[in-house]
Amino acid sequence: MNRHLLSINDISREEIESVLATARKDFLGLPQRNIKKVPTLRGRTIIDLFYENSTRTSTSFELAGKRLSADVINVKSGSSAAGKGESLKDTVLTLSAYRPDIIVVRHPHVGAPAFISRFTEAHVINAGDGKGEHPTQCLLDIFSLMQVYRSLKGLKVAIVGDIFHSRVARSNLLGFQKMGMKVTLIAPPALLPRGVEALGAEVSHSLDDLAGADVIYLLRLQTERHQDANFMPSLREYIDRYCVGRRHVRRGQRVLHPGPINRGVEIESELVDSDGNMILQQVEAGLAVRMAVLYRIIVDNAVPAAPAELKEGGRKIKAARRTLNRELQKTS
Ligand code: NCD
C-alpha cells in the first residue's frame, strides 16, 4: 500500500487483492474466537478524527485498531476544539505532536484528508470526505462480493440512488471497474454528475435496467447535502420511481447497501429483512478489511533497515578484518 489511502486510485488491483487476502486469512475469523485480539499493532497509535456522523465506519475503525492492540483515540467534531474555532490544520498539527502512526479522517469537505496529509508524519486514511471518496467502503464491498463470486471480472453491477452526492458511488465506480466489473448508474438526471459516462459507466434513469445486473448496489438519498438546490420534485415521486423492493430483484441477484438504510425510501423494508441482501455481511467484512488496511499501511511502508548504510558498514567490517589479518600475518 502507499503511504496514505485517500482515494481508491491510490491502490492497484493487485494490491487490493493482496490486502483483501490479508483480511480473509488473518482477520475474518477473529470475531468467532474467544480472544478476539492480536498483538500485531501493539505500541502503535491510531487517531480516528470524525467531523461527520458515522456508525459503521467509526465503530469498525475503532474496533479494528483495538483488536490489533493499537492505542486508539477517537476525536469527534462535537467534542473537539474544532467547536472552539480551531482550524483543521491546527487540530492536525496538535494531534500530530503525539506522534500517531495513523490518522483516520472523516470530513464534510472534499479533499480534507489530502490536506491533512501535508501536516502530519502519520499515514492518513480517508474514511469519507464530503461527496469525494470512501475507499475503505469500496474495499469492503469488493471483499463482500469476492466472498460470493470466484472472480468479479465481467460481473454487472447497477448502482442506484443519489449518485451525485455519494462518495461511495464515486469510489465504487472506480474500484468496481478496476476489478473488471461493468457498472450501470441508475438515478434521476438531477442526481447524476454531468458527464459521468466519461468514467466508463452506463447511465440509466429506470429501474427496468436492474434486470441485466448481477449485483444491485443501493444508496441512500444524501439529503444533508441537498441544501444548495432542490434535487427532486418530491420525495413521493422519487420513492415511486426509485425505491427498490423484492419485486425488482430476481433470484440470484445480490443486493448491497453501505448503510445507513432509509426503509421505504431507497429500499423497501421487506427487502431489508429478506435473505437476498448482503447488508450485514458488508458490515462484518468492514471490520476485517479495516484491520487489514491498518496493518498493511504500516508494514508495507515500514522503513527498511537502511540497506545502504548496512552495506557500507559491512564493507568497513570486511576491510577491518583484512587489515587485522595482514597485521596478524606480519607478527606471526
Ligand atoms: C456511507 C457514507 O458515510 O458515505 N455510509 C457508510 O460509510 N457506511 C453512505 C451514506 O452515508 O449514505
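Above this text sits the structure in question.
Here we summarise the structure given alongside this text. (Residues numbered from 1 in each chain as written. Predicted model: local features only at pLDDT ≥ 70, side-chain atom pairs only at ≥ 80, totals over all residues. Heavy atoms only, no water.)

Considerations on the packing of helix α1 (residues 13-27) against helix α5 (residues 135-148)
The following threshold applies: Orientation is described by lines fitted to C-alpha atoms, with helices fitted over the stretch in contact, and by angles between N-to-C directions that extend from 0 to 180 degrees. Elements are defined by DSSP. Helices are runs of H or I of four residues or more, strands are runs of E of two residues or more, and each kind is numbered from the N terminus. Angle categories: roughly parallel below 35 degrees, roughly antiparallel above 145, roughly perpendicular from 65 to 115, and oblique for all the rest. Take the far helix as the reference: if the near one is turned anticlockwise from it by less than a right angle, the crossing is left-handed, and if turned clockwise, right-handed. Here, residues are in contact when the closest pair of their heavy atoms is within 4.5 Å. The nonpolar class holds Ala, Val, Leu, Ile, Met, Phe, Trp, Tyr, Cys and Pro. Asp, Glu, Lys and Arg form the charged class, and all remaining residues, Gly among them, are polar.
Running from N to C, α1 and α5 cross one another at 70 degrees; their axes reach a closest spacing of 10 Å. As far as their axial angle goes, α5 and α1 are roughly perpendicular. By crossing handedness, the relation of α1 to α5 is classed as right-handed. Across the interface between the two elements, Ile16, Glu17, Leu20, Ala23 and Arg24 of α1 pack against Leu139, Ile142, Phe143, Met146 and Gln147 of α5. Looking at the contact of α1 with α5, its residues break down into 7 nonpolar, 1 polar and 2 charged.

Some details on the layout of surface pockets
To keep it simple, the criterion reads: Space inside and on the surface of the protein is sampled on a 1 Å grid over the protein atoms alone, with a cavity defined as a set of points where a 1.4 Å probe fits but cannot get out and a pocket as an open set with protein on both sides within 12 Å along at least 5 of 7 lines; lining residues have an atom within 4 Å of a point. Grid points are joined across faces, edges and corners, and a volume is the space filled by probe spheres set on the points. Marked domain ranges trace back to an automatic or database domain assignment.
Of the voids in this model, the largest pocket is the one considered here, and its volume is about 390 Å³. Taken together, 21 residues form the lining of the largest pocket, with Arg106, Arg167, Arg220, Gly259 and Pro260 sitting closest to its centre. The set of elements that each furnish at least two residues to the lining of the largest pocket consists of α2 (56-67) and α6 (167-178). Taken domain by domain, the lining of the largest pocket gets at least three of its residues from each of domain 1 (8-133 + 283-302) and domain 2 (149-277). Counted as a void, the second largest pocket has a volume near 270 Å³. Lining the second largest pocket are 14 residues; nearest its centre among them are Arg99, Pro100, Asp101, Glu121 and Ala122. Grouping the constituent residues of the lining of the second largest pocket by class yields 5 nonpolar, 4 polar and 5 charged.

Notes on the site of the ligand
The line we're drawing: It suffices for a single heavy atom of a residue to lie within 4 Å of a molecule or strand for the residue to be listed as near it. For this analysis, a polar contact is any N or O atom pair within 3.5 Å, provided that within protein one partner can donate a hydrogen and the other can accept it, and provided that sequence-adjacent residues contribute only side-chain to side-chain pairs. For a cavity or pocket, the test is whether more than half of a molecule's atoms lie within 2 Å of its grid points; if they do, the molecule sits there.
By nearness alone, every residue bordering the ligand is listed as Arg56, Thr57, Arg106, His134, Gln137, Arg167, Val168, Arg220, Gln222, Pro258, Gly259 and Pro260. Contacts to the ligand include Thr57, whose side-chain N or O atom sits 2.9 Å from an oxygen atom. Here a nitrogen atom of the ligand sits 2.9 Å away from a polar atom, N or O, in the main chain of Gly259. Judged by the fraction of its atoms near the pocket grid, the ligand is located in the largest pocket. Listed by contribution, the elements that provide at least two residues to the shell around the ligand are α2 and α6. Here the shell around the ligand spans two domains, since at least three of its residues come from each of domain 1 (8-133 + 283-302) and domain 2 (149-277).

As for the sheet that holds strand β9 (residues 254-256)
We count it as follows: At least two bridges found by DSSP between two strands is the condition for calling them paired.
Judged by pairing direction, the sheet is parallel, and its 5 strands sit side by side in the order β7-β6-β5-β8-β9 without closing on themselves. Strands at the two margins of the open sheet, each flanked by one partner only, are β7 (202-204) and β9. Mean inter-strand twist for the sheet, computed between neighbouring axes without regard to direction, equals 20 degrees. As judged from the 4 bridges shared by strand β5 (residues 156-160) and strand β8 (residues 215-218), these two strands associate in the parallel manner. Bridging from a neighbouring strand, Val160 pairs with Leu218 of β8.

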